[in-house]
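# Remarks on the overall topology
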Amino acid sequence: MTAEINVVPYIDVMLVLLIIFMVTAPFVTQGVDVELPATHTAQTAAELAGENDSGAPIIVEVDKDGQLGLSVNNDDMIRGLQLTELLTRVKAELQLNPKTPVMVGGDARVPYSAIIETLDALNQAGVGSVGLMTEPLEQ
C-alpha cells in the first residue's frame, strides 16, 4: 500500500494567492518615484559626475518664489524660465548626453507642491532619474 498526497487543494490555494497578488500589485506601486538622499551619505555633484563619466550634471532650481532656473555644464544659472522652456532645454541636453545626471534643488521656503510639480513635469518629459539636492548637516 502506497501513500499518496493529494495536491489539488494546494494548487487551488496557490491560484487564489496568485490572483490576490495580481489584483493588489498595481495599488502598491503608485506614487512619485524619487530617491531621497540622506544628508550624511549624500554624494557631491563631482562624485556623481565621476561615476557616470558624463560631465557636469543638469541642475534645475526652484527659488523661494517658485521661479525656475537651469544650469548645464557648470554654466551660470539661467533664471526665470517657463516650465515648457525648461523641459525643452533639459530634453535637448539629454539627447546630446543621455547619461548626464539631473538634479533638482529647491529653496527651503518654496512650497513642497512646486518641487513635486517640477519632478512630475521632468518625469513626463522622459527624464528617468532625478536626484534631489540637499545641504549636509552641520556637525
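All of these numbers come straight from a predicted model, not from anything done at the bench.

Another point: the pairing of strand β1 (residues 58-62). A large share of β1 lies buried, amounting to four of its five residues. Pairing of β1 with strand β4 (residues 102-106), which is carried by five bridges, proceeds in the parallel orientation. The partner of glutamate 61 across the bridge, within β4, is glycine 105. Judged from the four bridges that link them, β1 and strand β2 (residues 68-71) form a sheet pairing that is antiparallel. Paired with valine 60 across the two strands is leucine 70, which belongs to β2.

Another aspect to go through is the nonpolar core. Grouped together as the largest cluster of nonpolar side chains are 22 residues, with contacts concentrated most on Ile58, Leu70, Leu86, Val90, Val104, Leu122 and Val127. Those elements that provide at least two residues to this core are β1, β2, α3 (83-96), β4, α4 (112-124) and β5 (130-132).

This structure, assessed with the given rule, holds two salt bridges. We note a salt bridge from glutamate 61 to arginine 79, for which the minimum N-O separation is 3.4 Å. Of this pair, glutamate 61 sits in strand β1 while arginine 79 is found in strand β3 (residues 78-81), placing the two residues 18 residues apart along the sequence. Under the relative-accessibility criterion, glutamate 61 is labelled partly exposed at 25%. For arginine 79, a relative accessible area of 55% corresponds to the exposed category. Notably, a salt bridge pairs arginine 89 with glutamate 85, separated by 3.2 Å at the nearest N-O pair.

Our focus in this paragraph is the pairing of β3. Note that β2 and β3 share three bridges and pair antiparallel. Each bridged residue has a counterpart across the sheet, and for leucine 70 the counterpart in β3 is isoleucine 78. Count of turn residues in the β2/β3 antiparallel hairpin: six residues, of which asparagine 73 carries a positive phi of about 55°.

The next point concerns α3. With 14 residues, α3 extends 20 Å between its outermost C-alpha atoms, agreeing within 8% with the 20 Å of an ideal straight helix rising 1.5 Å per residue. Elements in contact with the buried residues of α3: β1, β2, β3, β4 and α4.

Parameters and conventions
- Sequence order as written defines residue numbering, which begins from 1 separately in each chain.
- Whole-chain, interface and lining totals are the exception, using all residues; otherwise, since this is a predicted model, local features are given only for residues with pLDDT of at least 70 and side-chain atom pairs are given and counted only at 80 or more.
- The side-chain values count all of the structure's non-hydrogen atoms but skip hydrogen atoms and water molecules.
- Partly exposed residues are those whose accessible area sits between 20% and 50% of the maximum for their type, while under 20% is buried and over 50% is exposed, using a 1.4 Å probe and protein chains only.
- To qualify as a helix, a DSSP run of H or I must reach at least 4 residues; to qualify as a strand, a run of E must reach at least 2; elements of each kind are numbered from the N terminus.
- Following DSSP output, two strands are said to pair if at least two bridges run between them.
- Nine residue types can take part in a nonpolar core, namely buried Ala, Val, Leu, Ile, Met, Phe, Trp, Tyr and Cys, and a core is a set of them joined through side-chain atoms within 4.5 Å.
- Think of a salt bridge as a Lys or Arg side-chain nitrogen and an Asp or Glu carboxyl oxygen that are within 4 Å of each other.
- A helix is expected to reach a length of 1.5 Å times the quantity of its residues less one.
- By definition in these notes, contact holds between two residues if any of their heavy atoms fall within 4.5 Å.

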